[in-house]
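Next come the chains, spelled out residue by residue.
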Amino acid sequence: MAVRSPRIEIEYCTRCNFLFRATWMAQELLNTFSEELGEVALQPGGSGVFVIRLDGRPLWDRKAEGRFPEAKEIKQRVRDAIAPERSLGHSDR
C-alpha cells in the first residue's frame, strides 16, 4: 500500500509520556489541513524525542529548538510547505 502524501510523522518519547502532546498536535494538524494532508502518523520513540517531520524532512525537533512547539508554529510551517497561499486565520497573527 502506498503512503499518501503529504505525510506528517510525529515521533515522541514514550518514557517521557509525550503521547498526549503528540496526539493533540496530530488532532490540530488534521483539523486544520484535512483536505491537504494524506496522513498523520504517530511513532513511538525514546530518549526525550519529540520530532515532527513532513515527508521525512524535520519541521520541528524539541532538542534542537530547546522547547516544544506551539500549535500555531507547526501549522505555519506545514502551511508554508504544502499550501503557502492558504490563510490560517487567527494562527497567522
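Residues numbered from 1 in each chain as written. Predicted model: local features only at pLDDT ≥ 70, side-chain atom pairs only at ≥ 80, totals over all residues. Heavy atoms only, no water.

As recorded in an unreviewed UniProt entry, the chain goes by the name Selenoprotein W-related protein, listed as coming from Methylomarinovum caldicuralii.

Draft legend 1. Structural detail: the overall build of the chain. Helix and strand content of the chain: three helices and four strands. Listing every helix and strand of the chain by position from the N terminus yields β-α-β-β-β-α-α. Against the compact-globule benchmark of 12 Å for 93 residues, the chain has a radius of gyration of 13 Å, which places it among compact chains. Its C-alpha atoms give the chain principal-axis dimensions of about 40 × 40 × 20 Å. Out of the 93 residues in the chain, the part that is buried amounts to 42%. A separation threshold of at least 6 residues defines the contact pool for the chain, and within that pool the share at least 24 residues apart is 64%. (Helix = DSSP H or I, 4+ residues; strand = E, 2+ residues; numbered from the N terminus. Rg over C-alpha atoms; globule rule 2.2 N^0.38 Å. Buried < 20%, exposed > 50% of the residue type's maximum accessible area, 1.4 Å probe, protein only. Contact = heavy atoms within 4.5 Å.)

Draft legend 2. Quick look at the packing of helix 1 (residues 19–32) against helix 3 (residues 71–82). Across the interface, helix 1 lies against helix 3 with an axial gap of 10 Å and an inter-helix angle of 45°. Here helix 3 runs oblique to helix 1, going by the angle between their axes. Between helix 1 and helix 3 the crossing geometry is right-handed. Between helix 1 and helix 3, the contacting residues are Trp24, Met25, Glu28, Leu29 and Thr32 on the first element and Ala71, Ile74, Lys75 and Val78 on the second. Split by residue class, the contact of helix 1 with helix 3 holds six nonpolar, one polar and two charged. (Axes fitted to C-alpha atoms, helices over the stretch in contact; angles between N-to-C directions. Parallel < 35°, antiparallel > 145°, perpendicular 65-115°, else oblique. Left-handed = near helix turned anticlockwise from the far one by under 90°. Nonpolar A, V, L, I, M, F, W, Y, C, P; charged D, E, K, R; others polar.)

Draft legend 3. Structural view of the packing of aromatic side chains. Under the criterion given, the structure shown has three aromatic pairs. On the numbers, 4.9 Å between centres and 90° between planes, the contact of Phe18 with Phe68 is edge-to-face. Here Phe68 lies in the loop between helix 2 (62–65) and helix 3 and Phe18 lies in the loop between strand 1 (7–13) and helix 1, a separation of 50 residues in the sequence. Here Phe18 and Phe68 have matching classes, each one buried. Ring centres of Phe50 and Phe68 lie 5.2 Å apart, and the angle between their planes is 75°; on these two criteria the pair is classed as edge-to-face. Of the two residues, Phe50 is situated in strand 3 (residues 50–54) and Phe68 in the loop between helix 2 and helix 3; the sequence distance between them amounts to 18 residues. Like Phe68, Phe50 is buried. An aromatic cluster of three or more residues is present, and its members are Phe18, Phe50 and Phe68. Sitting over the ring of Phe68, Arg21 keeps its end group 3.7 Å from the ring centre. (Phe/Tyr/Trp six-rings, centres within 6.5 Å; stacked < 30°, edge-to-face > 60°. Lys NZ or Arg CZ within 6 Å of the ring centre and 35° of its normal.)

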